[in-house]
Structure formats: C-alpha cells, structure tokens
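Analysis of the macromolecular model
Chain residues, written in single-letter form:
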Amino acid sequence: MIIFNRLSRACVAGVLLGLSLSGCARQASEAQVGEATAEIRRTSFGIPHIRASNELGLGYGIGYAYAQDNLCLLANEVVTVNGERAKYFGAQQSTLEERNNLTSDVFFTWLNTPEAVAAFWSAQSPQMQQRIKGYVAGYNRSLSERSAQGLPVQCQGAWVRPINTQDLVKLTRRLLVEGGVGQFAEALVGAAPPQLAAKAQPDARAFEMAALHQQRFALDRGSNAVAVGGERSFNGRGMLLANPHFPWIGGMRFYQMHLTIPGQLDVMGAALPGLPLINIGFNQHVAWTHTVDTSKHFTLYRLTLDPKDPTRYLVDGKSVPMNKTRVSVQVKGADGSTSTQSHTLYSSQFGPVVQWPGKLDWDGQYAFSLRDANLGNDRVLQQWYAMNRAGSLKELQTSVHTLQGIPWVNTLVADDQGQSLYMNHSVVPNVSAEKLEQCSDPRAGLEIIVLDGAHGACAWDVDPRAAQAGIFAAGQLPQLERKDYVQHSNDSAWLANPKAPLVGFSPLISQEQLPLGPRTRFALQRLQDLAKQSITVADLQNMVMDNQVYLAAQVMPDVLRFCEATADAALKPVCASLKAWDQKANLDSGLGLVHFINLQQRLRGVPELWRVAFDPALAQTTPRGLAIERAPVAKALREALLATAAQVRQLGIKEGMRWGDIQVSGNTPIHGGPQELGIYNAMQSVPRSDGKREVVSGSSYVQIVTFDDNGPKAEGVLAFSLSSDPASAYSKDQTQAFSRKKLSPLPFTEQQITADPQYQVQVISEE
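Residues numbered from 1 in each chain as written. Predicted model: local features only at pLDDT ≥ 70, side-chain atom pairs only at ≥ 80, totals over all residues. Heavy atoms only, no water.

**Thoughts on the overall build of the protein**
Helices and strands together make up the secondary structure of the protein, namely 22 helices and 30 strands. A compact globule built from 767 residues should have a C-alpha radius of gyration of about 27 Å, and the protein, at 27 Å, falls within 12% of that. Each principal axis of the C-alpha atoms in the protein carries an extent, and together these give about 85 × 70 × 55 Å. Across the 767 residues in the protein, those meeting the buried criterion constitute 60%. Long-range pairs, those at least 24 residues apart, make up 68% of the contacts in the protein between residues at least 6 apart in sequence. (Helix = DSSP H or I, 4+ residues; strand = E, 2+ residues; numbered from the N terminus. Rg over C-alpha atoms; globule rule 2.2 N^0.38 Å. Buried < 20%, exposed > 50% of the residue type's maximum accessible area, 1.4 Å probe, protein only. Contact = heavy atoms within 4.5 Å.)

**Details of the environment of Ser94**
Within the element layout of this structure, Ser94 appears in the loop between α4 (85–89) and α5 (101–111). Overall, Ser94 belongs to the partly exposed group, its relative accessible area being 41%. Aside from chain neighbours lying at most four places away, what touches Ser94 is Arg85, Arg99, Asn100 and Asn101.

**Describing the layout of surface pockets**
As a volume, the second largest pocket reaches approximately 740 Å³. Taken together, 34 residues line the second largest pocket, and the ones lying closest to its centre are Trp248, Ile249, Arg253, Ser724 and Pro726. Looking at the lining of the second largest pocket, its residues break down into 12 nonpolar, 14 polar and eight charged. (1 Å grid on protein atoms, 1.4 Å probe; cavity = no way out; pocket = protein on both sides within 12 Å on 5 of 7 lines; lining within 4 Å. Points joined across faces, edges and corners; volume = space filled by probe spheres on them. Nonpolar A, V, L, I, M, F, W, Y, C, P; charged D, E, K, R; others polar.)

**Remarks on the environment of Ser700**
Inspection of the secondary structure puts Ser700 in the loop between β26 (693–699) and β27 (701–708). With 507 residues separating them along the chain, Ser700 and Pro193 place their C-alpha atoms 43 Å apart. Contact partners of Ser700, with chain neighbours within four places excluded, come to Pro244, His245, Phe246, Phe254, Val717, Leu718, Ala719 and Phe720. A polar side-chain atom of Ser700 sits 2.8 Å from the main-chain carbonyl oxygen of Pro244. (Polar contact = N/O pair within 3.5 Å; in protein donor to acceptor, adjacent residues only side chain to side chain.)

**A look at the state of the cysteines**
Scanning the model with the defined rule gives three disulfides in all. The partner cysteine of Cys72 in its disulfide is Cys155, sulfur to sulfur 2.1 Å. Taking the torsion about the S-S bond as the criterion, the Cys72 to Cys155 disulfide, at about -50 degrees, is left-handed. Pair noted here: Cys72 is in helix α3 (residues 55–81) and Cys155 is in the loop between α7 (126–149) and α8 (165–176), with a separation of 83 residues, a long-range link. Each member of the pair, Cys72 as well as Cys155, is classed as buried. Covalently, Cys563 is tied to Cys575 through a disulfide, its sulfur atoms 2.1 Å apart. Disulfide Cys563-Cys575: the torsion about the S-S bond is -75 degrees, which places it as left-handed. (Disulfide = S-S within 2.5 Å.)

**Looking at the pattern of salt bridges**
Across all of its chains, the model carries 28 salt bridges by this definition. Two residues, Arg42 and Asp69, come together in a salt bridge whose shortest N-O distance is 3.1 Å. Of the two residues, Arg42 sits in strand β1 (residues 37–42) while Asp69 sits in helix α3, which places them 27 residues apart along the sequence. With a relative accessible area of 7%, Arg42 lands in the buried category. Here Asp69 falls in the buried class, since its relative accessible area comes to 4%. (Salt bridge = Lys/Arg side-chain N within 4 Å of Asp/Glu carboxyl O.)

**A closer look at the packing of aromatic side chains**
Evaluation of the coordinates by the stated rule reveals 13 aromatic pairs. Pairing Tyr66 with Tyr255 gives two aromatic rings, centres 4.8 Å apart and planes at 75 degrees, and the pair type is edge-to-face. Pair noted here: Tyr66 is in helix α3 and Tyr255 is in strand β5 (residues 255–261), with a separation of 189 residues, a long-range link. On the accessibility criterion, Tyr66 (3% relative accessible area) is buried. A residue is classified by how much of its surface remains accessible, and Tyr255, at 1% relative accessible area, is buried. Judged by centre distance (5.4 Å) and plane angle (70 degrees), the rings of Phe89 and Trp159 are edge-to-face. Taken as a pair, Phe89 in helix α4 and Trp159 in the loop between α7 and α8 lie far apart in primary sequence, 70 residues in all. Feature note: the residues Phe107, Phe108 and Trp110 constitute an aromatic cluster, connected by ring pairs. Against the face of Tyr366 rests Arg302, its NZ or CZ located 4.3 Å from the ring centre. (Phe/Tyr/Trp six-rings, centres within 6.5 Å; stacked < 30°, edge-to-face > 60°. Lys NZ or Arg CZ within 6 Å of the ring centre and 35° of its normal.)

**Things to note about the sheet that holds strand β30 (residues 760–765)**
Judged by pairing direction, the sheet is mixed, and its 10 strands sit side by side in the order β19-β17-β16-β8-β7-β6-β5-β2-β1-β30 without closing on themselves. Only two strands of the sheet have a single partner each, and these edge strands are β19 (479–482) and β30. If you compare each strand with its neighbour and ignore which way they point, the axes differ by 20 degrees on average. With three bridges joining them, strand β6 (residues 265–271) and strand β7 (residues 280–282) adopt antiparallel strand pairing. Within the sheet, the bridge partner assigned to Gly269 lies in β7 and is Gly281. Sheet contacts for helix α12 (residues 380–389): β5, β6, β8 (286–292) and β16 (409–415); angle to β8, the most-contacted strand, approximately 145 degrees. (Pairing = 2+ DSSP bridges. Axes fitted to C-alpha atoms, helices over the stretch in contact; angles between N-to-C directions.)

**Quick word on the pairing of strand β13 (residues 338–348)**
In this structure, strand β12 (residues 323–332) lies alongside β13, joined through 10 bridges in antiparallel fashion. Following the sheet pairing, Val327 is matched in β13 by His343. Between the antiparallel neighbours β12 and β13 lie five residues, among them Gly336 with a positive phi of about 95 degrees. The pairing of β13 with strand β14 (residues 351–354) spans two bridges and is classified as antiparallel. Paired with Ser347 across the two strands is Pro352, which belongs to β14. Hairpin connection, β13 to β14: the antiparallel pair is bridged by two residues.

**Let's talk about the side chain of Asn681**
The residue Asn681 is located in the loop between β24 (668–669) and β25 (683–687) in this model. Note on Asn681: relative accessible area 0%, which makes it buried.

In structure tokens form, the structure reads like this:
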C-alpha cells in the first residue's frame, strides 16, 4: 500500500510538495524493519528514480515500476522462458522472434530445468537474492493493482500470473545463451538418430528463419561506442557515447531507470527486462557501455559415431552412449483442451546434439554437439552489480577481470579522471590457436568453430586462473587503456584504436587483418577528422544523429559517373534521384536513399566489385570504389539500377517522398538506416502492408556522459520510449523526441530530480 499514512505530517507535506524525501525514507525505513519500502520518483518521460534503504526495497521499487510500464511485455517473456507458449497459445503460433511455440517450449524446458535454475539461484550473493525477491514482490503488487483495475487488452488471460524468483533466473539464463545455443533451438529440438529422422521431415521454413536470426544477431543486437580520454575531450575528463542497437520489441528491449541506496549505490542507465540492475549506464565516477563482440562463445564438436549404434560415439577409441532426456510440454488443442507432447533430446559429454539439415547432419558416421560457455556463467548478475557500484575505472576493470561474468559483449568505459578503456572480456571457450589447428578442419573456416570430438585432447583447456573451467582467463583477453580514445562497432578487437592494434589472440577471441565494417570505418574517420580540436558533446551526438551514409562516399562517385555516361532512358529517373540525394539517412532525405539501399543489397557479393581491394595495411580506407570499368561490374550495376526502379514502382513509392514518409515507428517518422551502409545510427526496419517500413531494432538507449567537478553530466534518449503499453503516456514521447534528434538531460542529482518540471513521487511499502 502507499505509505503516506504512516509518515509524519511533515513528510506527507514534503511528498505533496515534491520536496526531498531522504528524511522521510529514513523514517519509513526505521518504522518498517523487514518490510520492503521504496520511493519511485518520476521525472520527464516517466523515467523512474528508485530509492530504498536496502536491496530488498530497491528490488521492490524496480519490479513495481517496471510492471507499471511493461507488465504485458514481461508476462509474455515469462511464459516463453517457462516453456508454456503452446499450452496457452497453441503449438502452431509463434513467438515475437518468429520461432514456433512448440520448438520454443521444448528448448526452454530443456534449458531451464529445476536443477539448473536452483544451481544458478544458489550461486547468487545474498544481496542479489534480496534484490530479486524484492523485484518479484514489487511486480506482483503492481500486477494485483492492475488486475483490480482491468489489465490491458494485450495481456488478458490465464497466462498472466504472479511471478517468482525462478522466473527471473530463467529470464537471465535466456539472456546468457542469446549468443550461443539460443540460436540453435530448432537444431537442438529437431535432432534425431538417422532411423528416426528419416520418418520426420524437418521444417524447412523454421530453419530458414533460424538462419536469418543467426545472420541478424549482430545487426539486431549490435552497437556503437566511443570512450574519449582526457587528451581529446573538451574538458580533460572522460566522455562516453553509448549507442547500442537492440530490438525495439520483446525480451531484449531496454528499460531506463535510476537506482539509489543512499551511501551505497547511485547508478543510472538502462537494463534488459527482468534484470534488477543497470546494464549500460553511469555513476558518480564512471560511465560504461557494451557492444556485441565477435568472440566465439560456443564451439561445435563433430562426433564420430559407433558404426554399430548412431546413439553412441567414440572418444579416444572408446564407445560412449549419448544421454537421452525426455522433455514434456503442454499443448493446447483446437478445442481448448491440453495434452502432453514429449520429445527426446540427445547430448554428449560436449553438450546437446544439434542437427541442421545440409549443415550439421546426423547420419551413420557423424553427429554434432554444441558446447556453450555461458551455460556455466552464473556470475552475470554479480558482474553488473559490481560494475554499478564501481568507484573508479580501475575498480570496474578489476571486477570484470575477477568475476568474468560478461556474456557476449565488449565493454567500453570512461571516467572522471580522463581515462578510457576497451575490454574484450567476455566468456570465451579456452581453445588456443595451436589447439584449433590440431582439432578443427581448416575447410570449415572460422565462422563457426567445429572441433574433433573423437579425441579427448580436443576438449577445452582448463586454466586455474579463469573464473570458470574451460574459458580463457582475463589475462589472455584483449584490453586497451588510452588517454585519447577507444571505439568499437562490432568488429574484432583489432583496431579499437589504430595507434595500438590488438593482435596475437586465439581466433576464438579476436581476429586481425580482416576488413572492417563500414560503421567502424566511419567512426575512425570521424575521430580522425576531429583530431585537430577537442571533442565535445555535440561532436559525439552528431556521430549518431547526422545520419551520414559512409558507404555513399565510397561508391556514389562511380554510380553517378556511370549514370552520366549511360544513354539508357530507363535509368534516367533513378539516376536523377541518386544525384539529388544528400547521401544521408535523415527524415528529409530523398528517394535516392531507397535506391541506394536497394543497389547495395543487389551488388553485395558481385565478384571483383571494388576498384581498390581490401588491404590490411590500409584497413581504414579499403575496400573502396566501384570497378565500373569492368564489364561484369557495369552489367551488375545497370541491372541493379533497373531493379530498384521497378521495386520502388511496385511498392508505390513516388518521386518526392522522403525517408521520413517511409521508415516509421507506428506513425512517428524515424531517421537512420541499414548498418551495412555504414550508417552509425543503424536501424533495421521491415515492410508493412501499407508500403511503409516499421522499425524493429536499432539505436535504442543513446547516452552521452561527461564529467566535471560535481560528477556526471548526462543526456540521452530511449528511442522506443519507456513503456511498451500503447495506452501509456510514456509509450511514444521519447520516440517523438528521437525523431526530432533531441537528447534530454538525465536528472541524476537530488537537485536535478526534484527540479524536473514533471517530477512526481510515489512511496510504496510491502503489506
């Protein structure tokens, strides 16, 4: 209940007038020992500033506030990670990620066994357990209140229920495997011995979608980041640009909040659903962000099968039986009744057996197992807990080295002393370059690591210095501390700063001498262009918001030269649009952007496309230029120009339309565009039935943090807004601000919070 009636009259007056509640919080805390009590103070855009006297109370406030804004979202994810989608929605329906419900249920029932969930829970610190318990109580209280008022239409039904601590553990374990076995759910569920597989035809469409999701993992969960040191910043202190590209819907949608336990914790930023702490953010002394890394977080093992039995495999000449696990899920039938369906899953000592038709076939000779390093990572919550509390860059760095709980991302940090830091310190299988050479087939390449399971010596190495058996120790992973800058945009660790290349690591950790992505090249060019001046907040904001299409500078001169030389009348309209285009992805950018996107999609993969091929010694500037003087390239360009003209006509896109008329979120125009064009403000959008394109992922929580003598000064925007409830006042407001390229100050101090024009406060206490 709201605890106004338990406070003194002075405190009640302070609450009503919007004054500081620190004294009231102490009084409430003293009066209610053992109860969860929290203050939820909201500022502009509904951002919750949650304050409590202990971990239980803080978790209580987080869970309550999150449910106020995203009740239906979390309820849906809870059903998913409990393997209950087919039970409530039927086997043939799909998740938000377009995964079949039955496949999803079998996978999560396998992943989140009672034993695995209990082991994860017991590994958590007492403080984290208290915060999770508080979150559960806060969410359930909000659910009870909302239920009494009437739940939103999108989450009415028996599937919406109070949650428990196991649910939050399951959500966390789902996050852990996003970069590994979570991408192989169809392959895990569909794996069967040859005699059984022959009787069941694999769902080709499901595997097509799974392949698409694998390809898009870094796109949908990519990121840009720049940490500027004192030598380059405008005031000699550290600066941080956080620009994660994450989904705008579902279980990876960020939530903005500020968490405080007076005298112990004061941190602000964004968190993923169900996580009661900050993933990307800042505190009094440090700011940090993450980018999806290129490190490998799993390996496959090719199992040599026993010729007598395809469910046995050979290790060092000895026949070993596969383990069989029977997984049962409830399925809703057409008549509404439920029945039980069971699936047998197989595993070896290297992990679950996976079968991908045409790629990883289980035949009479071989099968494949997948070992995911993050299945043993029970340190992930404690890792961010420690980062949230870090009092210096060194303290944050030490926590990452010691805990090794970062799952599948890089970490970039800036501090108030003018230091910047890049760490490629995630959970990576301990397979050296030498072991890789001995145990893998070089023909398989390095895209996915396949080791020989017939030899015990090919198992992951165990380093006693590592926090987990089978992963690399922190001392073997890349990091770079600089006074000028470090940056990252989902390439390897190699050129986080070209003045200090990071080389010589196992290919599972980082690879050098490979072409850089266009966003990395854009960032390095922009930072080089700024080398003669101090870097300001406006400079970092412009990196994202000016929407420069980096690849246009590399190829448009040749495209326009081709256009000028052609006499083909059919090409004149599209060539005119390309010539008039401003080579940006702004709302008012013209039709040329649409044509350019289509051109690049069609030209990708054309042999000898580039006039200047990639040169590792010139990685920042190659490849470049279209080789239109080569007949096959000229032919491909002409065909691409004709194709985009036809495609635009078919979609009903008319001359004079702007990019803001085409790419939208609901009815709000959204700038930015495909990351493969080198647009730093990367946006992934999908076609709608009305001819527009709906944004599904991209720039999400944009944060720019600087420091002065008084602490952090931050501004930012949550591009998809705080609430996923269409009826909420906070469901579109920040999206509209993002559309206007407006970042707003993030209130951090008491004075800033209470002075906010939208300041409001709610004090809640567990009954």
